[in-house]
Amino acid sequence: MSPRKAGRQALTSDQIVTAALELIDETGLDGHSMRTLGTRLGVDASTLYYHLPSKEALHSLIVDEIMSGLDLGSDDPSASIEERLMSAATELRRTLLVHPRALPLVAARSMRTPAQLAGVEVIVGILFDAGFSAVEALLALDSIGQTVIGLTNIHALHKERIADGADDSELPELSAESFPHLHRLFAEGDFLGSEAEFTATMHALIIGLLAAHRAGTLTA
């Protein structure tokens with residue numbers, strides 16, 4: 001029996017996904033390839049294609065694994081719509097931050113598989129409970145999901161830069177004559193932190209979506 005065939009029998013797609021996520025967590029997407037993944041698993045890269053048809057298929061399974069951690073089972077229908085949507089957005093952020101270096105894989109694709117859509121189903125249900133039409137719900141779902149993913153990705157990248165020794169704390173020297181508004185902003189403003197920024201941004205977005213829905217202007 002050849003070593004490659006033995007490797008095929010020993011591996012499962014779940015083991016490949018777990019190893020791929022571990023590799024991404026350690027090295028980021030730049031260090032993730034089918035060759036390095038095969039080396040980690042002790043098989044030739046071609047063996048991986050026996051279990052998965054392509055790298056794209058692997059990435060989809062990785063997103064499945066990430067999104068399977070999204071737990072919206074505690075959604076409380078007796079709470080306000082705003083509270084329910086904020087809770088869902090916060091839980092999605094928590095889920096994404098379990099594997100922050102894999103965030104670009106989530107950002108690059110639409111949710112299409114049952115594992116990826118289970119949490120989305122709950123969020124759409126909340127929007128329907130609020131009286132949103134299907135068109136309004138789709139717009140609100142995209143707005144909330146893309147904002148959560150985008151902000152979380154930015155915050156994760158910034159945190160990694162800081163961990164790598166980058167220093168973004170020093171503000172540029174701007175003259176009050178040429179940049180009066182930015183001069184005041186840098187002099188008086190203060191960054192509240194990524195978590196507070198996330199909460200404030202999501203709160204403003206959700207309040208705005210609900211207000212536009214009530215006014216009938218959300219999709220106008």
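(A) Spotlight on the nonpolar core. Counting 54 residues, the largest nonpolar core has Leu58 and Ile62 as the members making the most contacts within it. Of all the elements, helix α9 (residues 134–163) adds the most residues to this core, at eight residues.

(B) Inspection of the pattern of salt bridges at higher detail. Scanning the model with the defined rule gives nine salt bridges in all. A salt bridge links glutamate 56 to arginine 109, with the nearest nitrogen and oxygen atoms 2.5 Å apart. Pair noted here: glutamate 56 is in helix α5 (residues 55–67) and arginine 109 is in the loop between α7 (103–107) and α8 (114–129), with a separation of 53 residues, a long-range link. In this structure glutamate 56 comes out as partly exposed when scored by relative accessible area, which is 49%. Residue classification places arginine 109 among the buried positions, given a relative accessible area of 17%. The shortest N-O distance in the salt bridge between glutamate 91 and arginine 94 comes to 2.8 Å. Here arginine 94 and glutamate 91 lie together in helix α6 (residues 81–96), a separation of three residues that amounts to about one turn. The network of salt bridges with shared partners includes Glu22, Glu26 and Arg40.

(C) Representation of the packing of helix α2 (residues 13–27) against helix α3 (residues 34–41) in the model. Where α2 contacts α3, the two axes come as close as 10 Å, and the packing angle between them is 110 degrees. Between α2 and α3, the crossing angle belongs to the class labelled roughly perpendicular. By crossing handedness, the relation of α2 to α3 is classed as right-handed. Contacts between α2 and α3 involve Gln15, Ile16, Ala19, Ala20, Glu22, Leu23 and Glu26 on the former and, on the latter, Thr36, Leu37, Arg40 and Leu41. Here the contact of α2 with α3 is composed, by residue class, of six nonpolar, two polar and three charged.

(D) Spotlight on the side chain of histidine 213. Within the secondary structure, histidine 213 sits in helix α11 (residues 194–215). In contact with histidine 213, not counting residues within four places along its chain, are Ala130, Gly131, Phe132, Glu136 and Leu218.

(E) A look at the environment of aspartate 25. Along the chain, the position of aspartate 25 falls in helix α2. Between the alpha carbons of aspartate 25 and phenylalanine 179 there is a distance of 41 Å; along the sequence they are 154 residues apart. When residues no more than four places from it in sequence are discounted, the contact partners of aspartate 25 are His99 and Arg101.

(F) Region of interest: a nonpolar patch on the surface. Nonpolar side chains collect at one region of the surface, where Phe179, Leu182 and Leu185 lie side by side and expose about 260 Å² of accessible area between them. Along the chain, phenylalanine 179 turns up in the loop between α9 and α10 (180–188). Relative accessible area serves as the criterion here: at 40%, phenylalanine 179 is assigned to the partly exposed category.

(G) Here's a closer look at α5. The terminal C-alpha atoms of α5 lie 18 Å apart, and with 13 residues this matches the ideal 18 Å at 1.5 Å per residue to within 8%. Buried within α5 are the following residues: Ala57, Leu58, His59, Ile62, Val63, Asp64, Ile66 and Met67. Against the buried residues of α5 lie α2, α3, α6, α7 and α8.

(H) Representation of the packing of aromatic side chains within the structure. Under the counting rule described, the total for this entry stands at zero aromatic pairs. Sitting over the ring of phenylalanine 198, arginine 93 keeps its end group 4.6 Å from the ring centre.

(I) Layout of the environment of proline 172. Within the secondary structure, proline 172 sits in the loop between α9 and α10. Look at proline 172 and you get partly exposed, because its relative accessible area is 47%. In sequence terms proline 172 and leucine 182 are ten residues apart; their C-alpha atoms lie 9.9 Å from each other.

Quick notes on the rules
Residues numbered from 1 in each chain as written. Predicted model: local features only at pLDDT ≥ 70, side-chain atom pairs only at ≥ 80, totals over all residues. Heavy atoms only, no water. Core = buried A, V, L, I, M, F, W, Y, C linked by side-chain atoms within 4.5 Å. Buried < 20%, exposed > 50% of the residue type's maximum accessible area, 1.4 Å probe, protein only. Helix = DSSP H or I, 4+ residues; strand = E, 2+ residues; numbered from the N terminus. Salt bridge = Lys/Arg side-chain N within 4 Å of Asp/Glu carboxyl O. Axes fitted to C-alpha atoms, helices over the stretch in contact; angles between N-to-C directions. Parallel < 35°, antiparallel > 145°, perpendicular 65-115°, else oblique. Left-handed = near helix turned anticlockwise from the far one by under 90°. Contact = heavy atoms within 4.5 Å. Nonpolar A, V, L, I, M, F, W, Y, C, P; charged D, E, K, R; others polar. Patch = residues over 30% accessible without salt bridge, like charges linked within 9 Å, V, L, I, M, F, W, Y side chains within 5 Å. Areas by Shrake-Rupley, 256 points an atom, 1.4 Å probe, with all protein chains shown as cover. Expected span 1.5 Å × (residues − 1). Phe/Tyr/Trp six-rings, centres within 6.5 Å; stacked < 30°, edge-to-face > 60°. Lys NZ or Arg CZ within 6 Å of the ring centre and 35° of its normal.

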